[in-house]
Amino acid sequence: MQSQPLMKMLGVTKRFGRSVLANDDINLDLYAGEVHALLGENGAGKSTLMNILYGLYAPTEGQIFMEGHEVQFSSPSDAIAAGLGMIHQEFMLIGPFTVAENLVMGTTDLPDGVDGVATAREKIRTLSAEFGLDVDPDAFIEELSVGERQRVEILKLLFRDAKVLILDEPTAVLTPLEIERFFEVLKQLRDNGRAIVIVTHKMQEVMDISDRVSVMRAGRMIETLFTKTTTPEALIRSMVGRDVDSHLERSATKERQRGLEAISLVVPRRDGEKLPPPVSFAVFHGEILGIAGVDGNGQTELFETIMGLRSAVDGAITLDKRQLTKSTCHERRELGISYIPPDRRGTGSLTSLSIENNILLGSGAEFSPKGMIDRSKLRQAADGLIERFGVRTPNAEFIAGSLSGGNLQKVILGREVARDPKVLLIEQPTRGLDVGAIELIWAEIMAQRNSGVPILMASTELEEVLALSDRIAVMFEGEIMGIVHRDEATKDLLGAMMVGNTLESLRQAEAAA
Amino acid sequence: MRVRIEQRSEPLTSWWASAALIGVALILGMALAGLLFIPFGASPIEGYSILISNAFLSLRGFGFTLVAATPLMFVAFGTIVAWRCGFMFLGFEGCLLIGAMGAAMVALAAVDGAVLAHFPPLILIALALIWGAVLGAIWSGIVGELKVRLDGNEILIALMMNFLAIYLIQYLVVGPWRVDGDLPQTIRFRRDMWLPYILPGTRLHAGILIALAVGAVLIVLLNRTRAGFEMLAAGLNETAAKYGGINAAVRRRQAACLAGALAGLGGAVVVLGVHHRLLDGLSDGTGFLGIVAALLGRMSILGSAIASILYGGLSIGGDAMQRQTGLPSSIVVVVQATIVLFLLAFEFLRTHRVVVAAPKASSTSTKDV
């Protein structure tokens, strides 16, 4: 590593209004040839800091140096001109155009040696070969997979000769296989003298790929370390500010009794898509059946069909041997199905109403015995939930939509488990949540499991599925690729199933080898 | 000096803040519209004192104010029920007229020699009110059904149905139900079918009591019952409502019918309490002014009742002002509209504040400090 940093931030402070201090006296330096992880919980100030670096926000105080010279960015185009590039979580690519067209588009100053699509194509080929990106300049964006699109985004930055690449949660949308590939690309970029920042809250990623790691908490820079010299536990501690208990108490299942069962169930898909083959599975009492899979592979459709929000095309759903294929959502709730949906603001809650009123949502007759709402009982339940789950809120009348994601999820989870469910459906239990909230929600899910509730859970986070599930099913394009016991499940096996290989075919291949 | 607008961290909802905002908006609106008095040689202060004293300070005038406020309340309540449930209904004018027609049907069937003639008057009045509400409910229920079942455009359909109702009444009063004479109207109803006057020396009829009773029932329905909560949930977020096991389509149909019933009841009250006959031009925009009253009352039952009285007072006082000062009647309408616009504009100040600051001292640039 050279002596002079490629980029240096000195005493950067950002205030919003009078009361919010988003970044407090932050120092950060980046050297050419390093992958630098920026770690922190939601609201720690990572995004604000990166947006300042990228010219989206002006810092209240502080200086930024590029290669020793002080710079002031008033917009991203200044930052790009100075050799910075950022990839957001949502890709900014236009589907019906080719890779080359996308790269030329919107660039007011084309890089040296490029005067149109033809020369751009040439440059793309060179860059693609140099960094092992494997991108065809003539491919249409809409035909590319998510992983390929991300490589196009990286190429876009290289095309404009970015020396510092900022990647915001880059692995959120990738399959395990794609992540591996992506890390290879990052290593290549690093070895070619680029500085890379990955903004993340995933510990595994930090350990796997970064050379140095900076931890932020509550707007402050806590520490910057060489990754080799630290451990995930130490990083979590400095990220959260306390010890985190990630141990889950998993009691032995007593008797295997079928709770929820899907029998040759054909789930409707979105308009125009062909129907997936029927799925069959059973969730036993006191068991968590985890569903792994990349987002959008039919998990939500399956859960909504079980909940009665979509009607099954064919097949049957039973709960403790009782048919409920034809029941309405309301009837299924009365029978004891609870559901924690993936979209907690759009589906799981009424964001403009109070916490108290959100507890009323989906409840049965317990709060309105004769049609009249028993407000005092409801208030008691709301206060009880707030206390039990440590929801950070002034009171039960607080508007649910103003809660943070973690606190809102606690309200939804608390509401759904408070009704003593006969079966619990959970999708993305901790998406976008902090370590502290994850700890609490995992513990509650596990407690429900240990008390004998059958739980069907889908998560796109493989770590989560592996940590919680007793058995793991993998979904791909609406189909279940196979179900494995937690002891047999490895990331490699699940990853292979997540891209469309059936368990059977993988086992056969293994046997043949 | 620099003026900028900043969002408040919490909206102003306290009682005194609302009163202050309304007070300032009223004064500013009256002051601005008062400028129009000057070219006619009228004094704004004198004009407004006539307006206020006639509308609110004399017993007889206040009676008229409440009479004018009554149908506004019914429509405002209907607006709250429908809109809270996500049913953007604008067909209250039609429902009101159809309700008036329903009441007239019963009253005309009760004249000497007709089928209902021998029933006691109290039963007949109740029947007229109920029939008005039922017809109003059917009228809006049609729109609701088209909306829920076929996802029809409720705004367009309701506006067209308003015309249908207006011309249906016109047809009836110039055609089959017309009484001999110059005016297109029915015969006067039996005296014992009029809603009783409740305040001696005024024309205030029992309709206001019905409106207030209905308002009390609605407060309980909307805020304290499961049905009210489910209607609200269906209106706020249909996906979340369905997730909660709420049958949003049923709730929306119910809200549509209830809203129409309220406006229909309002129409029945107007014919039985004020005109005592069915006549052309009976509603004349009440079905829309009631929506304004609901908005001014921030979609709360109590607030919209107060707004209805305020608006009724503006009409009654405005008429008196016009008679006594000789101002053209268009000015009275301008006064009303200006005040309403100021009231609505001031709602913005609940969520935002205006900050006047010199740029150097602003908290966002600290380099100069």
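A. Structural detail: the overall build of chain B. Along its length, chain B carries 14 helices and two strands. Taken against the 2.2 N^0.38 rule, which gives 21 Å for 369 residues, the C-alpha radius of gyration of chain B at 23 Å falls within 12% of a compact globule. In chain B, buried positions account for 50% of the 369 residues. Within chain B, residue pairs in contact and separated by at least 24 positions form 77% of the contacts whose partners lie at least 6 positions apart.

B. Structural view of the overall build of chain A. A tally of regular secondary structure across chain A gives 17 helices and 20 strands. For 513 residues, the compact-globule estimate of 2.2 N^0.38 gives 24 Å, and the C-alpha radius of gyration of chain A, at 25 Å, lies within 12% of that figure. Principal axes of the C-alpha set define a box for chain A whose edges measure 70 × 60 × 40 Å. Looking at the 513 residues of chain A, the share that counts as buried comes to 53%. When contacts within chain A are restricted to residue pairs at least 6 apart in sequence, long-range pairs at least 24 apart make up 67% of them. When the accessible surface of chain A is summed, it comes to about 22300 Å², and 49% of that surface belongs to carbon and sulfur atoms. The positive charge centre, built from 55 side chains, and the negative charge centre, built from 74, are 5 Å apart in chain A.

C. Quick look at the interface of chain A and chain B. Contact with chain A, which involves 33 residues of that partner, is made by 22 residues of chain B. For the pair chain A and chain B, the interface holds zero salt bridges. Taken together, chain A and chain B are joined by 10 residue pairs in polar contact (both at pLDDT 80 or more). Looking at the side of chain A that touches chain B, the elements that each hand over two or more residues are α10 (329–335), β16 (337–340), α11 (355–360) and α13 (405–417) of chain A.

D. Region of the structure containing the pairing of strand β13 (residues 288–292) of chain A. Residues and elements named next belong to chain A. Most of β13 is tucked away, with five of its five residues classed as buried. Pairing of β13 with strand β18 (residues 455–459) involves five bridges; the strand directions are parallel. Residue pairing in the sheet places Gly-290 in a bridge with Met-457 of β18. Bridge count for β13 against strand β19 (residues 471–476) is four bridges, and the pairing is parallel. Paired with Gly-290 across the strands is Ile-472, a residue of β19.

E. The arrangement of the sheet that holds strand β2 (residues 20–30) of chain A in detail. Residue and element names in this part refer to chain A. Within the open sheet, the four strands sit side by side as β2-β1-β4-β5. Their pairing is antiparallel. Edge positions in the sheet fall to β2 and β5 (69–71), since each of these pairs with one other strand and no more. Averaged over all adjacent pairs, the angle separating strand axes in this sheet is 30 degrees, with direction ignored. Pairing between strand β1 (residues 7–16) and β2: seven bridges, direction antiparallel. When the sheet's bridge partners are listed, Val-12 is paired in β2 with Ile-26.

F. Spotlight on the side chain of A:Thr200. All names here are of chain A. Following the sequence through the fold, Thr-200 ends up in strand β8 (residues 195–200). Of the residues examined, Thr-200 reaches a relative accessible area of 1% and is grouped as buried. Discounting chain neighbours no more than four positions away, the residues touching Thr-200 are Leu-38, Leu-39, Gly-40, Lys-46, Glu-169, Glu-205 and Val-206.

G. Focus on the pattern of salt bridges. All names here are of chain A. Taken as a whole and assessed by the stated rule, the structure comprises 36 salt bridges over all chains. A salt bridge links Lys-156 to Glu-153; the shortest N-O distance between them is 3.7 Å. Here the residue Lys-156 and the residue Glu-153 both occupy positions in helix α5 (residues 146–159), the gap between them amounting to three residues, near one helical turn. The residue Arg-415 makes a salt bridge to Glu-416 at a minimum N-O spacing of 2.9 Å.

H. Structural view of the sheet that holds β13(A). All names here are of chain A. Strand order across the open sheet formed by six strands is β16-β17-β18-β13-β19-β20, with mixed pairing between neighbours. Strands at the two margins of the open sheet, each flanked by one partner only, are β16 and β20 (479–485). Across the sheet, the mean angle separating the axes of adjacent strands is 15 degrees when strand polarity is ignored. Set on the sheet, helix α16 (residues 491–498) makes contact with β19 and β20; between it and β19 the angle comes to about 30 degrees.

I. Main features of the packing of aromatic side chains. Across all of its chains, the model carries eight aromatic pairs over all chains by this definition. Taken together, a centroid distance of 5.2 Å and an interplanar angle of 40 degrees make the contact between B:Phe37 and B:Tyr48 tilted. Of this pair, B:Phe37 sits in the loop between α1 (15–34) and α2 (44–57) while B:Tyr48 sits in helix α2, and the two are 11 residues apart along the sequence. For the pair shown, B:Phe37 and B:Tyr48 are each scored as buried. Pairing B:Phe56 with B:Phe62 gives two aromatic rings, centres 6.4 Å apart and planes at 50 degrees, and the pair type is tilted. On the accessibility criterion, B:Phe56 (29% relative accessible area) is partly exposed. Ring pairing ties together the aromatic residues A:Phe303, A:Tyr339 and B:Tyr243, which thus form one cluster. Positioned above the aromatic ring of A:Phe159 is the side chain of A:Lys123, whose terminal nitrogen or guanidinium carbon lies 5.7 Å from the ring centre.

J. Focus on the packing of helix α3 (residues 59–84) of chain B against helix α7 (residues 207–224) of chain B. Residues and elements named next belong to chain B. One can describe the packing of α3 onto α7 by two numbers: an axis separation of 9 Å at closest approach and a directional angle of 20 degrees. On the basis of the axis angle, α3 is roughly parallel to α7. The hand of the α3/α7 crossing is left-handed. Residues Leu-66, Thr-70, Met-73, Phe-74, Phe-77, Ile-80, Val-81 and Arg-84 of α3 touch α7, and the partners they reach there are Gly-207, Ile-208, Ile-210, Ala-211, Leu-212, Val-214, Gly-215, Leu-218, Leu-222 and Asn-223. Residues belonging to the contact of α3 with α7 are distributed by class as follows: 13 nonpolar, four polar and one charged.

K. Structural context of a positive patch on the surface. Residues and elements named next belong to chain B. The grouping of Arg-60, Arg-188, Arg-191 and Arg-203 at the surface amounts to a positive patch. Relative to the helices and strands, Arg-203 resides in the loop between α6 (154–174) and α7. Taking relative accessible area as the criterion, Arg-203 reaches 41% and is therefore assigned partly exposed.

L. Broad picture of helix α12 (residues 375–389) of chain A. All names here are of chain A. Here α12 spans 21 Å end to end across 15 residues, near enough to the 21 Å set by a 1.5 Å rise per residue. For α12, the complete set of buried residues consists of Leu-378, Ala-382, Leu-385, Ile-386 and Phe-389. The buried side chains of α12 occupy one side of the element, clustering within an arc of 100 degrees when seen end-on. Opposite the buried face of α12, by more than 90 degrees, sit the exposed residues Ser-376, Gln-380, Glu-387 and Arg-388. For α12, the elements touching its buried residues are α11, α13 and α14 (435–450).

M. Spatial organisation of the side chain of A:Asn358. Residue and element names in this part refer to chain A. With respect to the helices and strands, the residue Asn-358 is situated in helix α11. Given the relative accessible area of 1%, Asn-358 is considered buried. The contact partners of Asn-358, leaving out residues within four places of it in the chain, are Ser-349, Leu-350, Leu-353, Ala-400 and Arg-415.

N. Highlighting the pairing of strand β14 (residues 314–319) of chain A. Residue and element names in this part refer to chain A. Both strand β11 (residues 258–266) and β14 contribute to a ladder of five bridges, which runs antiparallel. Its bridge partner lying in β14, Val-266 is registered against Asp-314. Here β14 folds back onto strand β15 (residues 322–323) in antiparallel fashion, the turn holding two residues, of which Asp-320 has a positive phi close to 50 degrees.

O. The environment of B:Leu295, seen in detail. Assignment of secondary structure puts B:Leu295 in helix α11 (residues 286–296). Residue classification places B:Leu295 among the partly exposed residues on the basis of a relative accessible area of 39%.

P. Inspection of unusual backbone geometry at higher detail. Residue and element names in this part refer to chain B. A positive phi angle, close to 60 degrees, is found at His-276, a residue other than glycine. Of note, His-276 is situated in the loop between α10 (248–275) and α11. Even without glycine at this site, Met-299 takes up a positive phi of about 55 degrees. The topology assignment puts Met-299 in the loop between α11 and α12 (301–325).

The rules behind these values
Here the residue numbers are simple positions, counted from 1 along each chain's written sequence. Labels are handed out in written order, letters beginning with A for the chains and numbers beginning with 1 for the ligands. Under the rules for a predicted model, residues below a pLDDT of 70 receive no local features and side-chain atom pairs below 80 are neither given nor counted, while totals for whole chains, interfaces and linings still include all residues. Values reported for side chains reflect all heavy atoms of the structure, with hydrogen atoms and water molecules removed beforehand. Under the DSSP-based scheme used, a helix requires at least four consecutive residues in state H or I and a strand at least two consecutive residues in state E, with every element numbered from the N terminus. Restricting the calculation to C-alpha atoms gives the radius of gyration, and the globule rule supplies 2.2 Å times the number of residues raised to the power 0.38. Burial status follows relative accessibility: with a 1.4 Å probe on protein chains alone, a residue under 20% of its type maximum counts as buried, one over 50% as exposed, and anything between as partly exposed. The contact criterion used throughout is that any non-hydrogen atoms of two residues lie within 4.5 Å. Surface accessibility in these figures is a Shrake-Rupley result with a 1.4 Å probe; residues are shielded only by whichever protein chains are displayed. In this tally, Asp and Glu contribute negative charge and Lys and Arg positive charge; neither His nor the terminal groups of the chain are included. Note that the charge is assigned to NZ on lysines, CZ on arginines, CG on aspartates and CD on glutamates. For this analysis, a salt bridge means a side-chain nitrogen from Lys or Arg found within 4 Å of a carboxyl oxygen belonging to Asp or Glu. For this analysis, a polar contact is any N or O atom pair within 3.5 Å, provided that within protein one partner can donate a hydrogen and the other can accept it, and provided that sequence-adjacent residues contribute only side-chain to side-chain pairs. Strands are treated as partners if at least two bridges between them are detected by DSSP. Angles here are taken between N-to-C directions and fall from 0 to 180 degrees, while the axes themselves are lines fitted to C-alpha atoms, restricted in helices to the stretch in contact. Side-chain rings of Phe, Tyr and Trp, where Trp is taken by its six-membered ring, are said to pair if the distance between their centres is within 6.5 Å; with planes under 30 degrees apart they count as stacked, over 60 as edge-to-face, and otherwise as tilted. Any Lys NZ or Arg CZ found within 6 Å of a ring centre and within 35 degrees of that ring's normal is scored as a charge over the ring. Orientation labels follow simple angle bins: below 35 degrees gives roughly parallel, above 145 gives roughly antiparallel, 65 to 115 gives roughly perpendicular, and whatever is left gives oblique. Take the far helix as your reference; a near helix turned counterclockwise from it by less than a right angle gives a left-handed crossing, and one turned clockwise gives a right-handed crossing. In this count, Pro and Cys sit with the nonpolar residues alongside Ala, Val, Leu, Ile, Met, Phe, Trp and Tyr, while Asp, Glu, Lys and Arg are called charged and the others, Gly among them, polar. Patch membership needs two things, relative accessible area over 30% and no salt bridge, and members are linked within 9 Å if like-charged or within 5 Å if nonpolar (Val, Leu, Ile, Met, Phe, Trp, Tyr). Multiplying one less than the number of residues by 1.5 Å gives the expected span of a helix. Note: the arc covers the axis-to-C-beta directions of the helix.

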